[in-house]
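One letter stands for each residue in the lines below.
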Amino acid sequence: MAANVTTEDILRISGVNPRKCMKCGKCSGTCPAYDEMEYHPHQFVYMVERGQIDKLMQSKSIYRCLTCFACLERCPRNVEPAKLIEAVRLAVIRQQGMNHMTENDIPALLDDKLPQQAIVSAMRKYKK
Amino acid sequence: MQKIGVFVCWCGSNIAATVDVKAVANALRSEPGVVFSTEYQYMCSENGQNLIKDTIRDYKLDGIVICSCSPRMHEATFRKTALAAGLNPYMVEIANIREQVSWIHKDMTEATDKAIVLGRAAIAKVKKNAPLTAGTSPVTKRALVIGGGIAGIQTALDVADAGYEVDIVEKSPTIGGRMAQLDKTFPTLDCAACILTPKMVEANQHENINLLTYSEVESVSGFVGSFKAKIRKKARFVDEVKCTGCGVCTEKCPSRKGLNEFNMGLNTRGAVYIPFAQAVPNKAVIDASNCIHFRTGKCGICEKNCSAGAIKFDQQDEIIERDYGAIVVATGFKPIDASAFDEYAYNQSKDVVTSLEFERLMNAAGPTKGTLLRPSDGEHPHEIVFIQCVGSRCSRDASKGKEYCSKICCMYTAKHAMLVREKYPDTKVHVFYIDVRTPGKNFDEFYRRAVEQYGVDYIKGMVGKVTVEGKKLRVQGSDLISNEQVHIDADMVVLATAIEPDPTARSIGTMLTASMDTNDFFTEAHPKLRPVESPTAGIFLSGVCQGPKDIPETVSQAGAAASKVIGLLSKNELVGNPCVAHANELLCNGCSQCERVCPYGAITYVEKEVRGPEFRGTKRVAVVNEAVCQGCGACTVTCPSTAMDLKGFSNNQIMAEVDAICR
Ligand SMILES: Cc1cc2nc3c(=O)[nH]c(=O)nc-3n(C[C@H](O)[C@H](O)[C@H](O)COP(=O)(O)OP(=O)(O)OC[C@H]3O[C@@H](n4cnc5c(N)ncnc54)[C@H](O)[C@@H]3O)c2cc1C
Ligand code: SF4
Ligand code: SF4
Ligand code: SF4
Ligand code: SF4
């Protein structure tokens, strides 16, 4: 389905250079959503570099990321994995009819423990 | 008319494959003044040089032009050739037709044309050359070593053994440096003190070595062979001659607030203290900022208890001025500040320590007498996590770390892990690593021993965060091989923090005009071929101040630096570079601009009687000290009255070259 999204697209949207990654795994060591993910932050970086965009677009992992930016904050090489994940999500949203949910679904999911930032980023992630 | 000879080199096929060397020789033969022009396969070979010599003699040449490789390669060779044939060596010019022509062009016609143009420029220049004679300057047969770690000690011992005087200036109260703080040392696990202390004592007792501890170099002037240094010997408030090092004062001192530097601040010491039992010199020192007497005028307990009468509250700093022929920088390193690593809870828990602090916790002379205890509660740790590459290999920003690999931490972490497992087999040890870098003799074997014999758990991945959970440290990291996030409840966390040059390195570099890289490590004159010399003549590099190193490498480099120093000090005089600046008194208006730009301090001014067509009388004019001038030319381009000129590279000569190129 998403065969037309290339590594170059993701790099352009995100502004990230995955070649800066030294494969230390600090992003994944940091990630609070690690166990929810099929692909972990360092794998994201590697898979984008290898051009495995389809796999990432189809994976639920991109919706498990909290956009907490811990990986981006801690990465010793300034790779910014969170931005790559965001870019893949955007690529999915830009596909016709591929919205993960509508804004009407959001109120039902809200609970008072949810940080505001997550709501903002949820809107961004799932915008129509 | 001058008689100029031209010699075009093929450099085998290096030049000849891209440049038509015969055409170049032919074209240059018709230049005015050229009486001989030829080409040859290898001008630098013995036959090539003989050809040059014979031609100089046969044709009674006044100057020669060699069209060949870069002057950096063979200028010295051809100057010697000229001298051997009785021609002043500064009547030689080189047209670089290899690096600047054959290696960068593909098209033969284009390359040949360019080679001819460069040849013409060199001919135009050599016709304006004047014979130059290099002056000589004497060599003071004494070396200054800045920094008394293992690097400085080794260099000093080697130079002193060769019969030359050496002064070691060490800023702390004792020599020994970081090595003195270590417990056992990889890869052989011999105890650091056992191998270092004898060298410290030897340095202290050597008849040619003069130790200036608790001292700093304040300024340096002069140049290779004749440096002048001003050294501040800080007041110890203890008479070094009278003090016997008995240590009574250090025990009686009621102020116990000073952090013990030697133990990385893990415990405290008195205001009067001896850094450690084997300190050299073994003399007490008073830290005035913690001393009750200096704050209130009272106390004086040390003074009352010192049977040698060595306490001198009124002692003043002393300024020592001495001359040196050579200066060795051996200022070493310090671990970076781990507080920037909030994610590892360094500031939140005392049980998160740096590796150097860990050395002290394992050391028999350390705050816990060598029993490994948690700094927070003095309990024995049962699970320890080591994190490698903390602040190394980091390209984020300077506050977060260094881009380079610190080189020693893989090995010392393996050492720490192994020592813990050996001493406390009940303790679990994990090491998080990105790579294990062990390129050294017996190094990989050492690391494998930690894994295979001592059962150290190496986990490939980085720790993301450490959080304090009650008495435990919760370590969350990734295990890249099993593709899992791991969580370990540890009792201690040890950070293998990056190392960086001593914070004083930058000011020492500026003082000596010795160049440094962006990380403040000193730069060598050539990274492969001149690794222990600074590009500034007479300044040598020893130890970690030049780049991360372990002890074996430090000691080899220290010996190499010593051999360069000995080579210099063994000369009675040095031949200078005659291509130095010179001020035309008639044009100079004494504005001082050249003095401000000269990086070597070679320019001074004198009031002088000057007689010229436009001016007669006394005026202030610039004078260049030819022994100090390095011929950089900064002054010549700065001078607003075109009074400054560089011998061998005068404005006149450069213009002649440009004219020849544009013709
Ligand atoms: C935790 C740790 C463990 C290690 N374990 C090992 C090991 O097991 N085996 C091994 O081979 N290596 C080990 N090393 C490396 C070893 O410590 C260094 O290779 C060695 O200390 C380098 O010596 P140096 O003389 O260059 O520098 P330093 O030891 O840093 O000495 C420099 C000296 O210069 C003085 N100084 C600095 N600036 C000035 C100034 N401006 N004026 C006057 N004096 C100045 C300092 O006070 C210091 O005394 C370890 C390092 C660390 C951090
Ligand atoms: S931004 Fe996403 S991937 Fe990065 S640490 Fe947070 S949850 Fe994990
Ligand atoms: S933290 Fe940065 S360098 Fe390390 S694996 Fe993740 S993206 Fe790569
Ligand atoms: S100052 Fe006096 S008391 Fe202190 S160590 Fe020296 S001799 Fe002993
Ligand atoms: S030596 Fe090892 S621990 Fe130290 S920075 Fe290099 S790779 Fe990391």
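In what follows, the accompanying structure is described. (Residues numbered from 1 in each chain as written. Chains lettered and ligands numbered in written order. Predicted model: local features only at pLDDT ≥ 70, side-chain atom pairs only at ≥ 80, totals over all residues. Heavy atoms only, no water.)

Here's the deal with the site of ligand 5
Neighbouring ligand 5 are B:Gln388, B:Cys389, B:Ser392, B:Arg393, B:Cys405, B:Ser406, B:Lys407, B:Ile408, B:Cys409, B:Cys410 and B:Arg437. Among the residues forming the shell around ligand 5, the class breakdown is 5 nonpolar, 3 polar and 3 charged. (Near = heavy atom within 4 Å. Nonpolar A, V, L, I, M, F, W, Y, C, P; charged D, E, K, R; others polar.)

Focus on unusual backbone geometry
In terms of backbone geometry, most residues other than glycine have negative phi values and most peptide bonds are trans. A cis amide bond links B:Phe186 with the next residue in sequence, B:Pro187, at an omega value of -5 degrees. Note that B:Pro187 resides in the loop between strand S8 (184–185) and strand S9 (190–191). Residue B:Pro281 follows B:Val280 across a cis peptide bond; omega there is 0 degrees. Considering the arrangement of structural elements, one finds B:Pro281 in the loop between strand S15 (272–273) and strand S16 (285–286). In the Ramachandran plot, A:Phe69 falls in the positive-phi region, its phi being about 65 degrees despite a non-glycine side chain. Look at B:Ala345: it is not a glycine, yet its phi comes out positive at around 60 degrees. Position of B:Ala345 among the secondary structure elements: in the loop between strand S19 (333–335) and strand S20 (352–354). (Helix = DSSP H or I, 4+ residues; strand = E, 2+ residues; numbered from the N terminus.)

Description of the sheet that holds strand S25 (residues 472–479) of chain B
Residues and elements named next belong to chain B. What the 3 strands build is an open sheet, ordered S24-S25-S26; its pairing is antiparallel. Edge positions in the sheet fall to strand S24 (463–469) and strand S26 (484–490), since each has one partner strand and no second. With strand direction ignored, the average angle separating the axes of adjacent strands in the sheet is 20 degrees. Pairing between S24 and S25: 6 bridges, direction antiparallel. Looking across to S25, one finds that Val 463 is bridged to Gly 477. (Pairing = 2+ DSSP bridges. Axes fitted to C-alpha atoms, helices over the stretch in contact; angles between N-to-C directions.)

Description of the site of ligand 4
For ligand 4, the full set of nearby residues is B:Val238, B:Cys243, B:Thr244, B:Gly245, B:Cys246, B:Gly247, B:Cys249, B:Ala284, B:Cys306, B:Ala310 and B:Ile311. Residue composition of the shell around ligand 4, by class: 8 nonpolar, 3 polar and no charged.

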